[in-house]
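Here is what each chain is made of, one letter per residue.
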Amino acid sequence: MTAVPSRPVTVRERRRRQLDFGLRAAFVVVLVVFTLFRPTTAGDAHAYWSVNLADPYTRPIATPDAFTYPPPAAIFFAALGKLPFEVFQAFWTLLIGFALLWLTGPWALAFLVIPVVASDLYLGNIHVLLGAAIVASLRWPALWAIPLLTKPTCGVGLLWFLARGEWRRLATALAATALLAGLSALITPDLWPKWIAYVLDTGVSPNVGTAYWIALPLLVRLPAAALLVIWGARTNRPWTLPTASMLALPVLWLVGLAMLTAAFAVSRWGPLRAFAVSDGLKHQRT
């Protein structure tokens, strides 16, 4: 079989690639400088680092160092908490930054000036990471364990697999989550009852004090998110998956809008628009 000769790269394509590389490199420089000379502590990252595995759920939501995630996340962060905080903070900042770069490519610097995106990096929260995990789950569904074991209501996004009849992918996502949840129950059997009690005590309309959030009740947002992701799954619009998961956040913090970086990633203009796991997504409509 004769090999088909490759088409020569045009000057315009070469310049476009050089511009793409230059913009990505500039973002990395900015990220590293910010990591090394961060002006203040990443407050949310400190809450993760300082989690007390003996009893993580002692602080009310939206208070300093409050930890609200299920036991597997508590175990994970307690292990990382053995690092000096400066090391953990730098690692966590770089992780968020490179997730943002993966999602937005040469547009990363532009997204960095959007306040909600910059705040996610500044605070060291997980919304950009959640968006990256949800996009990556289109190819590796086991990664759904990350949102399910941090922000469980984001699991409405699993309706994507259900609506498309992708039963094996759905089973993989659920099995990975169940495995990690089961292991955490073996390691710290008392944490699940404590977390459930904490969630029930917090309720669906928690008092968030002066924190910045969008005051739409979860009971309103969750059905809307379900309808959005089902529609998107049936019409090959992958941007609806992270968008619906964002709508389904337990509390829709303003900084939670940073998850829309993942919606951009798989939109017509995003660098991951061809990031597909089926023929349907390869011909996605946006």
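Residues numbered from 1 in each chain as written. Predicted model: local features only at pLDDT ≥ 70, side-chain atom pairs only at ≥ 80, totals over all residues. Heavy atoms only, no water.

Caption draft 1: The nonpolar core, seen in detail. The biggest cluster of nonpolar side chains holds 75 residues, and the ones touching the most others in it are Tyr48, Phe67, Phe77, Phe88, Trp92, Leu103 and Trp144. Broken down by element, this core gets its largest block of residues, eight residues, from helix 4 (residues 85–104). Not counting chain neighbours up to four residues away, the residues in contact with Phe67 comprise Ala47, Tyr48, Val51, Pro56, Tyr57, Ala73, Ala74, Phe77 and Tyr198. (Core = buried A, V, L, I, M, F, W, Y, C linked by side-chain atoms within 4.5 Å. Buried < 20%, exposed > 50% of the residue type's maximum accessible area, 1.4 Å probe, protein only. Helix = DSSP H or I, 4+ residues; strand = E, 2+ residues; numbered from the N terminus. Contact = heavy atoms within 4.5 Å.)

Caption draft 2: Main features of the packing of aromatic side chains. Applying the stated criterion across every chain yields a total of 15 aromatic pairs. A ring pair is formed by Phe76 and Phe77, whose centres lie 5.1 Å apart and whose planes are at 70°; its orientation type is edge-to-face. Since its relative accessible area comes to 44%, Phe76 is described here as partly exposed. Centroid distance Phe77 to Trp92: 5.4 Å. Interplanar angle 75°. Geometry classified as edge-to-face. Taken as a pair, Phe77 in helix 3 (residues 71–80) and Trp92 in helix 4 lie far apart in primary sequence, 15 residues in all. Trp92 matches Phe77 in its accessibility class, with the two residues each being buried. Put simply, the rings of Tyr48, Tyr57, Phe67, Tyr69, Phe76, Phe77, Phe88, Phe91, Trp92 and Tyr198 pair up and form one aromatic cluster. Positioned over the ring face of Trp140 is Arg139, at 5.9 Å from the centre of the ring. (Phe/Tyr/Trp six-rings, centres within 6.5 Å; stacked < 30°, edge-to-face > 60°. Lys NZ or Arg CZ within 6 Å of the ring centre and 35° of its normal.)

Caption draft 3: Spotlight on the side chain of Thr35. Along the chain, the position of Thr35 falls in helix 1 (residues 11–36). With residues up to four places along the chain from it excluded, the contact list for Thr35 reads Ala90, Thr93 and Leu94.

Caption draft 4: Fine view of the side chain of Thr104. Inspection of the secondary structure assignment puts Thr104 in helix 4. Among the polar contacts listed, one links the side chain of Thr104 to the backbone oxygen of Leu100, at a separation of 2.7 Å. (Polar contact = N/O pair within 3.5 Å; in protein donor to acceptor, adjacent residues only side chain to side chain.)

Caption draft 5: How the structure looks around helix 4. Relative to the 28 Å expected for 20 residues at 1.5 Å per residue, helix 4 spans 28 Å between its end C-alpha atoms, a close match to the ideal helical length. Along helix 4, the positions that sit buried rather than exposed are Phe85, Phe88, Gln89, Trp92, Thr93, Ile96, Gly97, Ala99, Leu100, Leu101, Leu103 and Thr104. After helix 4 finishes, the residue Gly105 shows a positive phi value of roughly 55°. (Expected span 1.5 Å × (residues − 1).)

Caption draft 6: A look at the pattern of salt bridges. Enumeration over the complete set of coordinates arrives at three salt bridges. A salt bridge links Arg24 to Asp20; its shortest N-O distance comes to 2.5 Å. Pair noted here: Arg24 and Asp20 are both in helix 1, with a separation of four residues, about one helical turn. Look at Arg24 and you get partly exposed, because its relative accessible area is 27%. On the basis of relative accessibility, which here comes to 24%, the residue Asp20 falls in the partly exposed class. Among the salt bridges present, the one from Asp190 reaches Lys194, with a minimum N-O distance of 3.2 Å. What makes Asp190 partly exposed here is its relative accessible area of 38%. A relative accessible area of 28% means that Lys194 is categorised as partly exposed. (Salt bridge = Lys/Arg side-chain N within 4 Å of Asp/Glu carboxyl O.)

Caption draft 7: A nonpolar patch on the surface, seen in detail. Residues Val29, Val32, Val33, Leu36 and Phe37 make up a contiguous nonpolar surface patch of about 500 Å² in total accessible area. Along the chain, the position of Val33 falls in helix 1. (Patch = residues over 30% accessible without salt bridge, like charges linked within 9 Å, V, L, I, M, F, W, Y side chains within 5 Å. Areas by Shrake-Rupley, 256 points an atom, 1.4 Å probe, with all protein chains shown as cover.)

Caption draft 8: Quick look at the packing of helix 3 against helix 10 (residues 167–187). Remark: helix 3 packs on helix 10, axes separated minimally by 8 Å, with the N-to-C direction vectors making an angle of 70°. Classified by the interaxial angle, the pair formed by helix 3 and helix 10 is roughly perpendicular. You can see that helix 3 and helix 10 cross each other, and the crossing is left-handed. For the pair helix 3 and helix 10, the contacting residues are Pro71, Pro72 and Ile75 in the first and Leu180, Ala181, Ser184 and Ile187 in the second. Of the residues belonging to the contact of helix 3 with helix 10, the class tally is six nonpolar, one polar and no charged. (Axes fitted to C-alpha atoms, helices over the stretch in contact; angles between N-to-C directions. Parallel < 35°, antiparallel > 145°, perpendicular 65-115°, else oblique. Left-handed = near helix turned anticlockwise from the far one by under 90°. Nonpolar A, V, L, I, M, F, W, Y, C, P; charged D, E, K, R; others polar.)

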